[in-house]
Amino acid sequence: MATTDLIGAQKRADHAVATPTAPLPPKSAAALARVLPHFPLVQAVAEYETAAVHAAQLAGLAESGRMSDLDARSLADAEDVMAAAHAVLAKAGQLKLIGGA
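What counts, and at which threshold
Residues numbered from 1 in each chain as written. Predicted model: local features only at pLDDT ≥ 70, side-chain atom pairs only at ≥ 80, totals over all residues. Heavy atoms only, no water. Helix = DSSP H or I, 4+ residues; strand = E, 2+ residues; numbered from the N terminus. Contact = heavy atoms within 4.5 Å. Areas by Shrake-Rupley, 256 points an atom, 1.4 Å probe, with all protein chains shown as cover. Core = buried A, V, L, I, M, F, W, Y, C linked by side-chain atoms within 4.5 Å. Buried < 20%, exposed > 50% of the residue type's maximum accessible area, 1.4 Å probe, protein only. Patch = residues over 30% accessible without salt bridge, like charges linked within 9 Å, V, L, I, M, F, W, Y side chains within 5 Å. Salt bridge = Lys/Arg side-chain N within 4 Å of Asp/Glu carboxyl O. pLDDT = per-residue confidence, 0-100. Axes fitted to C-alpha atoms, helices over the stretch in contact; angles between N-to-C directions. Parallel < 35°, antiparallel > 145°, perpendicular 65-115°, else oblique. Left-handed = near helix turned anticlockwise from the far one by under 90°. Nonpolar A, V, L, I, M, F, W, Y, C, P; charged D, E, K, R; others polar. Expected span 1.5 Å × (residues − 1).

Q: Can you break down the overall build of the chain residue by residue, with the values?
A: Counting its secondary structure elements, the chain contains three helices and zero strands. Counting from the amino terminus, the chain carries its helices and strands in the arrangement α-α-α. Put simply, of all contacts in the chain between residues at least 6 apart along the chain, 56% involve residues at least 24 apart. As presented, the chain carries roughly 8,200 Å² of accessible surface, and 62% of it is formed by carbon and sulfur atoms.

Q: If you had to explain the nonpolar core to someone new, which residues and values would you point to?
A: Most often, soluble globular proteins have nonpolar side chains that are buried together. Tyr 48, Ala 55, Met 82, Leu 89 and Ile 98 are the most contacted members of the largest nonpolar core, which has 14 residues in total. Those elements giving two or more residues to this core turn out to be helix H2 (39–64) and helix H3 (69–91). Among the elements that line this core, the one with the most residues is H2, at seven residues. Non-local contacts of Ala 55, meaning those with residues more than four positions away in its chain, are made with Leu 75, Ala 78 and Met 82.

Q: Pulling in residues and values, what's your account of a nonpolar patch on the surface?
A: On the surface, a cluster of nonpolar side chains totalling about 440 Å² of accessible area is made up of Leu 24, Leu 32, Val 35, Leu 36 and Phe 39. Looking at the element boundaries, Val 35 is found in helix H1 (residues 26–35).

Q: Before we move on, can you summarise the confidence of the model for the chain with the specific residues and values?
A: Here the chain shows a mean pLDDT of 86. Residues at 70 or above account for 81%. Taken element by element, the chain is modelled with least confidence in H1, mean pLDDT 92, and with most confidence in H3, mean pLDDT 96.

Q: Which residues make up the environment of Leu 95, and what values do they have?
A: Here Leu 95 is to be found in the segment after H3. Separated by ten residues in sequence, Leu 95 and Ala 85 place their C-alpha atoms 9.7 Å apart.

Q: Could you give me a rundown of the packing of H2 against H3, with the residues and numbers involved?
A: Orientation of H2 relative to H3, taken along the N-to-C sense of each, is 150°, at an axis distance of 8 Å. Here H2 is positioned roughly antiparallel relative to H3, judged by the angle of their axes. The handedness of the crossing between H2 and H3 comes out as left-handed. Facing H2, whose interface residues are Pro 40, Leu 41, Ala 44, Val 45, Glu 47, Tyr 48, Ala 51, Ala 52, His 54, Ala 55, Leu 58 and Leu 61, H3 presents Asp 71, Ser 74, Leu 75, Ala 78, Val 81, Met 82, Ala 85, His 86, Val 88 and Leu 89. Of the residues belonging to the contact of H2 with H3, the class tally is 17 nonpolar, three polar and two charged.

Q: Tell me about H2, residues and numbers included.
A: For H2, with 26 residues, the first-to-last C-alpha span of 38 Å sits near the 38 Å given by 1.5 Å per residue. Contacts made by the buried residues of H2 are with H3. The positive-phi residue at the C-terminal boundary of H2 is Gly 65, with phi of around 80°.

Shown next as structure tokens:
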């Protein structure tokens, strides 16, 4: 027995087994069709809010004078994420979702 053999470990399949799924009922499919177009907006709001919190934390660090180069890059990245999310929401006319006009 090799040292990598584990007692009771499951064997790994050499191929993926596709699990068939049933089609959605018509009412569920219709509900999903109504919701799907909103996912990019929900994602943009979540990304914007998360990046805004991160940027605020890093801005406080910058004010203290203890910001490293890595922190500065992280702040710039957070601002880029916020700008991209802002653009998505502006294009959709939904800046109100992040408190914008």
